[in-house]
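Tertiary structure, described
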Amino acid sequence: AKPHPAGLVSFHSVRHTARDASDLVLGLMINQLVVDATLVAWWGHDRPSVGFQMALMDMEALAFTGAIQAVVSGVASRWRPYRDTCTGPLETQTRDCRDNKQYRSFFSGHTSGAFTAAGLMCMHHAHLPLYGGGAREWLTCAGSFAAAATVGALRVVSDQHFLSDALVG
């Protein structure tokens with residue numbers, strides 16, 4: 001984060017760091033689904049049909065969640081918390097302020113996607129011994145839900161969503 005002239009970290013740089021971190025964690029979660037389906041189930045356990053089915057379930061669930069979120073956020077058109085900072089001439093505002101996404105706050109797509117990925121991960125690991133069974137499977141599940149909660153918290157910290165947006169997501 002860039003230091004503020006008074007030596008403090010600027011709010012905008014913290015907000016952008018939190019936004020980028022939420023993108024990164026969500027991306028890692030989705031990549032883990034791909035790794036579990038392809039490298040672990042398909043290749044590692046030599047179960048191509050299981051890996052293929054896992055990948056299809058993952059894509060279907062994430063696509064369904066994304067479609068529902070897109071429709072609801074478009075209909076609700078709730079403004080994002082950062083919208084209050086969108087003042088002054090349009091040319092001086094950030095890209096976020098000039099974009100229609102400032103009216104896509106309800107509900108959080110990142111959070112809903114992260115919790116969908118966590119649910120998929122838990123179900124895969126609850127029914128398949130992908131990592132050898134036992135505690136490793138349940139730790140994977142718990143870790144995925146902790147990561148999803150982190151994504152939701154980062155979306156609120158980054159001023160991309162209100163708390164209610166993240167909770168519904």
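Residues numbered from 1 in each chain as written. Predicted model: local features only at pLDDT ≥ 70, side-chain atom pairs only at ≥ 80, totals over all residues. Heavy atoms only, no water.

Another point: helix α2 (residues 48-76). The first and last C-alpha atoms of α2 sit 42 Å apart over 29 residues, in line with the 42 Å expected at 1.5 Å per residue. At the C-terminal side of α2, Ser77 shows a positive phi close to 45°. (Helix = DSSP H or I, 4+ residues; strand = E, 2+ residues; numbered from the N terminus. Expected span 1.5 Å × (residues − 1).)

Along the chain, Arg80 turns up in the loop between α2 and α3 (95-98). A polar atom in the side chain of Arg80 sits 2.9 Å from the backbone oxygen of Gln160. Within the local environment of Arg80, its side chain forms a polar contact with the side chain of His161, the two groups lying 3.4 Å apart. (Polar contact = N/O pair within 3.5 Å; in protein donor to acceptor, adjacent residues only side chain to side chain.)

Moving on, we get to the packing of α2 against helix α4 (residues 109-127). One way to put it is that α2 packs onto α4 with a least axis distance of 10 Å and a crossing angle of 155°. Classified by the angle between their axes, α2 and α4 sit roughly antiparallel to one another. As for how α2 packs across α4, the hand of that crossing is right-handed. Contact residues: Met54, Met57, Asp58, Ala61, Leu62, Thr65 and Gln69 in α2; Gly109, Ser112, Gly113, Thr116, Ala117, Leu120 and His124 in α4. Within the contact of α2 with α4, the residues separate by chemical class into 6 nonpolar, 7 polar and 1 charged. (Axes fitted to C-alpha atoms, helices over the stretch in contact; angles between N-to-C directions. Parallel < 35°, antiparallel > 145°, perpendicular 65-115°, else oblique. Left-handed = near helix turned anticlockwise from the far one by under 90°. Contact = heavy atoms within 4.5 Å. Nonpolar A, V, L, I, M, F, W, Y, C, P; charged D, E, K, R; others polar.)

Glancing now at the packing of α4 against helix α5 (residues 135-157). Contact pair α4 / α5: the axes reach a minimum separation of 9 Å and the direction vectors enclose 180°. With respect to α5, the element α4 is oriented roughly antiparallel. Note on element contacts: α5 touches α4 through Glu137, Trp138, Thr140, Cys141, Ser144, Phe145, Ala148, Ala149, Val151, Gly152 and Arg155, opposite His110, Thr111, Ala114, Phe115, Ala118, Gly119, Met121, Cys122, His125 and Ala126. Of the residues in the contact of α4 with α5, the class split is 12 nonpolar, 7 polar and 2 charged.

What follows deals with the confidence of the model for the protein chain. Mean pLDDT over the protein chain stands at 87; residues scoring 70 or higher make up 86%. Looking at the elements of the protein chain, mean pLDDT is at its lowest for α3, recorded as 66, and at its highest for α4, recorded as 97. (pLDDT = per-residue confidence, 0-100.)

On to unusual backbone geometry, then. Of note, the amide linkage connecting Phe106 to Phe107 takes the cis form, showing an omega dihedral of -5°. Within the secondary structure, Phe107 is located in the loop between α3 and α4. Phi angles above zero are rare outside glycine, and Asp159 is one such case at about 65°. Looking at where Asp159 falls in the secondary structure, it is placed in the loop between α5 and α6 (163-168). Its relative accessible area of 18% is what places Asp159 among the buried residues. (Buried < 20%, exposed > 50% of the residue type's maximum accessible area, 1.4 Å probe, protein only.)

Here the structure, examined in full by the defined rule, presents 4 aromatic pairs. Measuring from ring centre to ring centre gives 6.5 Å for Trp42 and Phe52, while their planes differ by 85°; the resulting arrangement is edge-to-face. In this pair, Trp42 is assigned in helix α1 (residues 11-44) and Phe52 in helix α2, connecting sequence segments 10 residues apart. Accessibility expressed as a relative area gives 45% for Phe52, which makes it partly exposed. Note on Trp79 and Phe162: the rings are 5.4 Å apart at their centroids and 85° apart in plane angle, and the pair reads as edge-to-face. (Phe/Tyr/Trp six-rings, centres within 6.5 Å; stacked < 30°, edge-to-face > 60°.)

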